[in-house]
Every structure is written in structure tokens, then in C-alpha cells.
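Given next are the chains, with one letter for each unit.
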Amino acid sequence: MQVYVNGDPFELEAGSSVADLVAKLTDDPRGMAIERNREIVPKSQHEITLLEEGDRLEVVQFVGGG
């Protein structure tokens, strides 16, 4: 199935969750925020939030610094 990540098409297997997407994007998901169709998905919901064809996701990685 195709979803859009930060505006770009991204292929995932049907039935994938937000957690599956995160695993494909990074080895270290700390500091990552996910918005699905304009709604923030809490980390506690990543495993159970299933993605659907055409979903639009915004992924932000927070970086510390000083």
C-alpha cells in the first residue's frame, strides 16, 4: 500500500502500523513525533494504529543541542 511521509510516496505492506513505519525509517525512534492525517499519534498508540492506503504522515525527529 502507498502512504505519504512528509509529502513523499512511501510503500508499506498492507496492515502495517505506525510502529512498522517508524522501524523502517530509523533504528532509534527516540524523539520522534508522528502525525497521521493531521492528528498526533501518541507513542503508546504506535503499535495498534494501523495505516491505510493514502494516509498522510508527517514525521519529525527532535534533535538536542545547545
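Predicted, not measured: the structure shown is a model, and the values here were computed from it.

**Student:** Explain the environment of Glu-53 to me, using residue names and the numbers behind them.
**Tutor:** Tracing the backbone through its elements, the reader meets Glu-53 in the loop between strand 4 (39-40) and strand 5 (56-61). Assessed through its relative accessible area of 55%, Glu-53 is described here as exposed. Between the C-alpha atoms of Glu-53 and Ser-16, which are 37 residues apart in sequence, the distance is 10 Å. Apart from residues lying up to four places away in sequence, Glu-53 is in contact with Met-1 and Gln-2.

**Student:** Residue-level account of the nonpolar core, with values.
**Tutor:** General note: in soluble globular proteins, nonpolar side chains tend to be found buried as a group. With 13 residues, the main nonpolar core has Val-3, Ile-34, Leu-51 and Leu-57 as its most contacted residues. Of all the secondary-structure elements, those providing two or more residues to this core are strand 1 (2-5), helix 1 (18-25), strand 3 (32-36) and strand 5. No other element matches helix 1, which puts three residues into this core. Those residues in contact with Leu-51, other than ones at most four positions away along the chain, are Met-1, Val-3, Leu-12, Ser-16, Ser-17, Val-18, Leu-21, Arg-36 and Leu-57.

**Student:** Describe the packing of aromatic side chains, naming the residues involved and giving the relevant values.
**Tutor:** Per the counting criterion, the structure on display carries zero aromatic pairs. Looking at Arg-56, its charged tip hangs above the ring of Tyr-4, at a distance of 4.3 Å from the centre.

**Student:** Describe in detail helix 1, supporting the description with residues and values.
**Tutor:** Note that an α-helix has 3.6 residues per turn; residues three or four places apart therefore point the same way. Along helix 1, the positions that sit buried rather than exposed are Val-18, Ala-19, Leu-21 and Val-22. Taken around the axis of helix 1, the buried residues stretch over an arc of 160 degrees, which confines them to a single face. Turned more than 90 degrees away from the buried face of helix 1, the exposed residues are Ala-23 and Lys-24. Between the side-chain oxygen at the start of helix 1 and the backbone nitrogen of Ala-19 there is a gap of 3.3 Å, and the oxygen is on Ser-17.

About the criteria used
- Residues numbered from 1 in each chain as written.
- Predicted model: local features only at pLDDT ≥ 70, side-chain atom pairs only at ≥ 80, totals over all residues.
- Heavy atoms only, no water.
- Helix = DSSP H or I, 4+ residues; strand = E, 2+ residues; numbered from the N terminus.
- Buried < 20%, exposed > 50% of the residue type's maximum accessible area, 1.4 Å probe, protein only.
- Contact = heavy atoms within 4.5 Å.
- Core = buried A, V, L, I, M, F, W, Y, C linked by side-chain atoms within 4.5 Å.
- Phe/Tyr/Trp six-rings, centres within 6.5 Å; stacked < 30°, edge-to-face > 60°.
- Lys NZ or Arg CZ within 6 Å of the ring centre and 35° of its normal.
- Arc of directions from axis to C-beta.
- Polar contact = N/O pair within 3.5 Å; in protein donor to acceptor, adjacent residues only side chain to side chain.

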